[in-house]
Amino acid sequence: MERSHITSKSTKIRMILIFVASLPFVDIAIKASGLEVRFGDKVAVTGVDLNVPKASLLSIIGPNGAGKSALLSALAGTIELSAGTLIIEGSNPALVLQATEVEQSLPITVRDVVSLARYPHRGFFRRLNQEDRESVNRSLGRLHIEHLANRQFRELSGGERQRTLIAQGLAQESEILLLDEPINGLDLVSRSVIIEVIQQEITDGRTVVLTTHSLDDARRSDQVLLLCTEPCCFGKPEDVLTERHLLDAFGGEHLRVGQNLILDDPQHVH
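In this text the structure is predicted, and so the values were computed from the model without any measurement.

A look at the packing of helix α6 (residues 158–171) against helix α7 (residues 188–203)
In step 1: The N-to-C vectors of α6 and α7 enclose an angle of 15°; their axes lie 9 Å apart at closest approach. Put simply, α6 runs roughly parallel to α7. Here α6 runs over α7; the crossing is left-handed. Across the interface between the two elements, Gly159, Glu160, Gln162, Arg163, Ile166 and Leu170 of α6 pack against Val189, Ser190, Val193, Ile194, Val197 and Glu201 of α7.
In step 2: Looking at side-chain class alone, the contact of α6 with α7 contains 6 nonpolar, 3 polar and 3 charged residues.

Focus on the state of the cysteines
In step 1: Per the stated rule, a full pass over the model turns up 0 disulfides.
In step 2: Distance from the sulfur of Cys232, which forms no disulfide, to the nearest cysteine sulfur (Cys228) is 5.1 Å.
In step 3: The thiol of Cys233 is not disulfide-bonded; the next cysteine sulfur, from Cys232, is found 8.2 Å away.

Section: the sheet that holds strand β6 (residues 176–180)
By definition, the strands of a sheet pair up through backbone hydrogen bonds, in either a parallel or an antiparallel sense.
In step 1: Strand order in the open sheet formed by 6 strands is β5-β6-β7-β3-β8-β9, with mixed pairing between adjacent strands. Each edge of the sheet is formed by a strand with only one pairing partner; in this case those strands are β5 (94–96) and β9 (230–235). When the angles between neighbouring strand axes are averaged without regard to direction, this sheet yields 15°.
In step 2: Pairing of strand β3 (residues 57–61) with strand β8 (residues 223–228), which is carried by 4 bridges, proceeds in the parallel orientation. Directly across from Ser59, in β8, lies its bridge partner Val224.
In step 3: Against the sheet, α7 engages β3, β6 and β7 (207–211), with an angle of about 145° to β7.
In step 4: The sheet strands contacting helix α10 (residues 243–250) are β8 and β9, and the helix crosses β8 at an angle near 35°.

So, the sheet that holds strand β2 (residues 42–53)
In step 1: Taken together, 3 strands build an open sheet; the order of strands is β2-β1-β4 and the sheet is antiparallel. Here the strands that pair on one side only, and so sit at the sheet edges, are β2 and β4 (83–88). Strand-to-strand twist across the sheet, computed as the mean angle between neighbouring axes with direction ignored, equals 15°.
In step 2: One ladder, built from 5 bridges, connects strand β1 (residues 28–39) with β4; its direction is antiparallel. Within the sheet, the bridge partner assigned to Lys31 lies in β4 and is Ile87.

Structural notes on the nonpolar core
In step 1: The biggest cluster of nonpolar side chains holds 32 residues, and the ones touching the most others in it are Leu143, Leu179, Ile198 and Val208.
In step 2: When contributions to this core are tallied by element, the ones reaching two or more residues are β5, α3 (110–115), α5 (130–142), α6, β6, α7 and β7.
In step 3: Filtering out sequence-adjacent residues up to four positions away, Leu179 remains in contact with Leu72, Val96, Ile166, Ile198, Val208, Val209, Leu210 and Thr211.
In step 4: By size, the runner-up hydrophobic cluster in this structure holds 23 residues, among which are Ile30, Leu72, Leu225 and Leu227.

Considering the pattern of salt bridges
In step 1: Counting across every chain of the model gives 13 salt bridges.
In step 2: Of the charged contacts, one joins Asp217 and Arg191 as a salt bridge, the two residues approaching to 3.0 Å between their closest N and O atoms. One end of the pair, Asp217, is in helix α8 (residues 215–219); the other, Arg191, is in helix α7, and 26 residues separate them in sequence.
In step 3: Its relative accessible area of 24% is what places Arg191 among the partly exposed residues.
In step 4: For Asp248, the salt bridge identified is with Arg244, shortest N-O distance 4.0 Å. Of this pair, Asp248 and Arg244 both sit in helix α10, separated by 4 residues, roughly a single helical turn.
In step 5: Judged by relative accessible area, Asp248 falls into the exposed class, the value being 52%.
In step 6: Since its relative accessible area comes to 55%, Arg244 is described here as exposed.
In step 7: Salt bridges linked by common partners bring Arg118, Asp132, Arg138 and Glu173 together as one network.

A look at the pairing of β2
In step 1: The pairing of β1 with β2 spans 8 bridges and is antiparallel. In the sheet register, Lys31 faces β2, and the bridge partner there is Asn51.
In step 2: Where β1 folds back onto β2 in an antiparallel hairpin, the turn is made up of 2 residues, including Gly40, whose phi is positive at roughly 70°.

Re the layout of surface pockets
Remark: the empty space left among the atoms is shown by a probe the size of a water molecule rolled over them.
In step 1: Each pocket or cavity is described by its volume, and for the largest pocket that value is around 360 Å³.
In step 2: For the largest pocket, the lining is made up of 17 residues, of which Ala94, Leu95, Ala117, Pro120 and Gln172 are closest to its centre.
In step 3: Breaking the lining of the largest pocket down by element, the ones donating at least two residues are β5, α4 (119–122) and α6.
In step 4: Grouping the constituent residues of the lining of the largest pocket by class yields 9 nonpolar, 7 polar and 1 charged.
In step 5: Its volume calculated, the second largest pocket comes out at about 200 Å³.
In step 6: Forming the walls of the second largest pocket are 13 residues, and the residues nearest its centre are Leu57, Ile195, Ile198, Asp217 and Arg220.
In step 7: Elements with a minimum of two residues in the lining of the second largest pocket: α7 and β7.
In step 8: Each residue belonging to the lining of the second largest pocket can be placed in one class, and the counts come to 7 nonpolar, 4 polar and 2 charged.

What counts, and where the lines are drawn
- Residues numbered from 1 in each chain as written.
- Predicted model: local features only at pLDDT ≥ 70, side-chain atom pairs only at ≥ 80, totals over all residues.
- Heavy atoms only, no water.
- Axes fitted to C-alpha atoms, helices over the stretch in contact; angles between N-to-C directions.
- Helix = DSSP H or I, 4+ residues; strand = E, 2+ residues; numbered from the N terminus.
- Parallel < 35°, antiparallel > 145°, perpendicular 65-115°, else oblique.
- Left-handed = near helix turned anticlockwise from the far one by under 90°.
- Contact = heavy atoms within 4.5 Å.
- Nonpolar A, V, L, I, M, F, W, Y, C, P; charged D, E, K, R; others polar.
- Disulfide = S-S within 2.5 Å.
- Pairing = 2+ DSSP bridges.
- Core = buried A, V, L, I, M, F, W, Y, C linked by side-chain atoms within 4.5 Å.
- Buried < 20%, exposed > 50% of the residue type's maximum accessible area, 1.4 Å probe, protein only.
- Salt bridge = Lys/Arg side-chain N within 4 Å of Asp/Glu carboxyl O.
- 1 Å grid on protein atoms, 1.4 Å probe; cavity = no way out; pocket = protein on both sides within 12 Å on 5 of 7 lines; lining within 4 Å.
- Points joined across faces, edges and corners; volume = space filled by probe spheres on them.

Next up, the structure:
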């Protein structure tokens, strides 16, 4: 009887071990705990906890001044954390900011802008090699701007500038791509090209984090962080982008038209 009991217990242990071994392994690209960023006495963002799986898309959404750009900069390592811990997989993430006005006297071509991403690999005093040039050409091609390679960056339209900067981010060949409102206010062609590139990055096993002012774009993500200096909610889009959570984040800046909730924010696209 005793032996039978032991055999039964052993069998249960084996079954448990087999079950655990069959669970899918989630490889985490970004892990943050209690992340906080301050600029002097001003809290830009605080209390952020994140677990972002590899090969996924995280959208960060929230009202203006909610700390979205500060959080991206913290993830990129361009600003210091005031508190908390942050673990990033692999090399430094590639951070792509919004296209801005360019000094008209600055003589830099589209190819030069994209090539800047390769100097961290070589150093600024070493010539780019064949591998670097191939990476630059590949990135130009993916954003469909190879025909603009010798144009001056200052001569480009807003959409072309944004595509150039994202090509620069791709040429860095990081496992994590951070994009600050990459398609906000762009022409339809540039928007379509950038969305296609984002989807391909995820398919190729890389992780993308972007800030957005579009609820529709956020709904197409794997995870959404609703931010208002501190997180209002974090999880799957259908769990985060609810009326209650959006009203908590945006306060009274809303109105209802039929069954649709509309955020009264001129920066938001619906």
